[in-house]
Amino acid sequence: VLFVDDLDRIDQDQVVEMLEAVQLLVKTKLFVVVLSIDSKYVTLSLENGKYKNILSPTRHPSGLDYLEKIVQLTYRLSPSQFEEDLDRYLKSQMRPFEDEIVEQNPEETNESDSRTDIPAPSDVADIESEQNVSLREPNVGANSNDSSDLTQETSQEQETENKNASNSSDNEEKKTIPKKVVNFTSKDCDNLKHAFMTIDSTPRAQKRIVNALKILTLIWDTHQKDGAWEERKKAYIILLAFSASSSEGMRRGVCKFFSTVEKAKHWKQVGKKNVLEIMDDSFESLPLSNNPWNECRPNVEQDLLALNCTNDEGWLKVKKELSWVRSFSFLGEHAETSS
């Protein structure tokens, strides 16, 4: 049994050569070949490569016809359609920390347990400073006056260093990384599940979004939050998930939405519209056959209304936060649609 993976990650000429080799192997009774592929990429490679004058994407024979001549049994990995399956998969990827059971000796429990043992640069400097002071010992052969002078000099240096350390701590707060920052909460998991239940997406796309969300969570931890932050965060998770939708129309609409937000320096440049109205405009030009927004809108409109603005100050805050989401979304291949 021969397993062939990542066929959709090589040059299109190599794709054709590999399929021709597979075709020769399966003509014998010695081999069974299992192909793990993105059929869309493989068929395009066939239609645009060696067989471009024979195969066509718009008529028969097509690249898919050629592929079906080789593949006798097809199993398609479909988007997650059942809530319990999606819930189990996301929890295995995200591992929300409220669900973890940590056994700990009560006598060892203290406030520092909630943080990782990673010293900040200023902490390292303090440790080195303390070591330098402790290593300064009076010269054994010196007289009592020299010893007194050396002790006084050491005391003065130590006082100066302590003063500098104190000033440094005033200017720059010592930071360690809280454990909960690099973990997800059950609420994060539920928010992402809600987004993925609204759209079609593959497990591969869901895993990519989880990885992107890990980095975003670290960035968000340094962000100054207000009372409405959790509601806005849910909206950002939804938009991030939408960027990995299996629907081409959804990705195009979201890309146009981000482009509109990026170009508007002031709230009035988008007609003082809220985010939901901008989303409506972004999908308006898409044909109904390729426009999933109308079906998704009722499920997320209340969540996206959390991004409403009433002035330029609010708009700039949302615009900045949306720029982080855009940076980690999977819309690069759809950049041409933003023009």
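Everything discussed here concerns the structure shown above.
What this report covers is the structure whose coordinates are included nearby. Not measured: the values here are computed from a predicted model. (Residues numbered from 1 in each chain as written. Predicted model: local features only at pLDDT ≥ 70, side-chain atom pairs only at ≥ 80, totals over all residues. Heavy atoms only, no water.)

**Overview of the pattern of salt bridges**
Oppositely charged side chains are able to pair whenever their charged atoms sit close together. The full count for this structure, using the stated rule, is 16 salt bridges. One salt bridge connects Glu321 with Arg232, and the closest N-O pair in it is separated by 2.9 Å. Taken together, the positions of Glu321 in helix 13 (residues 312-327) and Arg232 in helix 9 (residues 229-242) put the pair 89 residues apart, joining distant regions of the chain. Since its relative accessible area comes to 5%, Arg232 is described here as buried. (Salt bridge = Lys/Arg side-chain N within 4 Å of Asp/Glu carboxyl O. Helix = DSSP H or I, 4+ residues; strand = E, 2+ residues; numbered from the N terminus. Buried < 20%, exposed > 50% of the residue type's maximum accessible area, 1.4 Å probe, protein only.)

**Quick look at the pairing of strand 2 (residues 33-36)**
With 4 bridges connecting them, strand 1 (residues 2-5) and strand 2 associate as parallel partners. Bridged to Phe3 within strand 2 is Val34. Once you follow strand 1 into helix 1 (residues 12-25) and on to strand 2, the crossover reads as right-handed. (Pairing = 2+ DSSP bridges. Right-handed = clockwise from strand over helix to strand, strands pointing away.)

**Looking at the environment of Ser186**
For Ser186, the location among the structural elements is in helix 7 (residues 186-198). Judged by relative accessible area, which is 22%, Ser186 ranks as partly exposed. Distance in space between the C-alpha atoms of Ser186 and Phe97 is 7.4 Å, their sequence separation being 89 residues.

**Digging into the side chain of Asp303**
Tracing the backbone shows Asp303 in helix 12 (residues 293-304). A polar contact is formed between the side chain of Asp303 and the side chain of Lys234, at a distance of 3.3 Å. Beyond its immediate stretch of four places on either side in the chain, Asp303 contacts His194, Glu231, Lys234, Ala235 and Ile238. (Polar contact = N/O pair within 3.5 Å; in protein donor to acceptor, adjacent residues only side chain to side chain. Contact = heavy atoms within 4.5 Å.)

**A few points about unusual backbone geometry**
Between His60 and the following residue, Pro61, the backbone shows a cis peptide bond with an omega angle of 0°. Within the secondary structure, Pro61 is located in the loop between helix 2 (39-48) and helix 3 (63-70).

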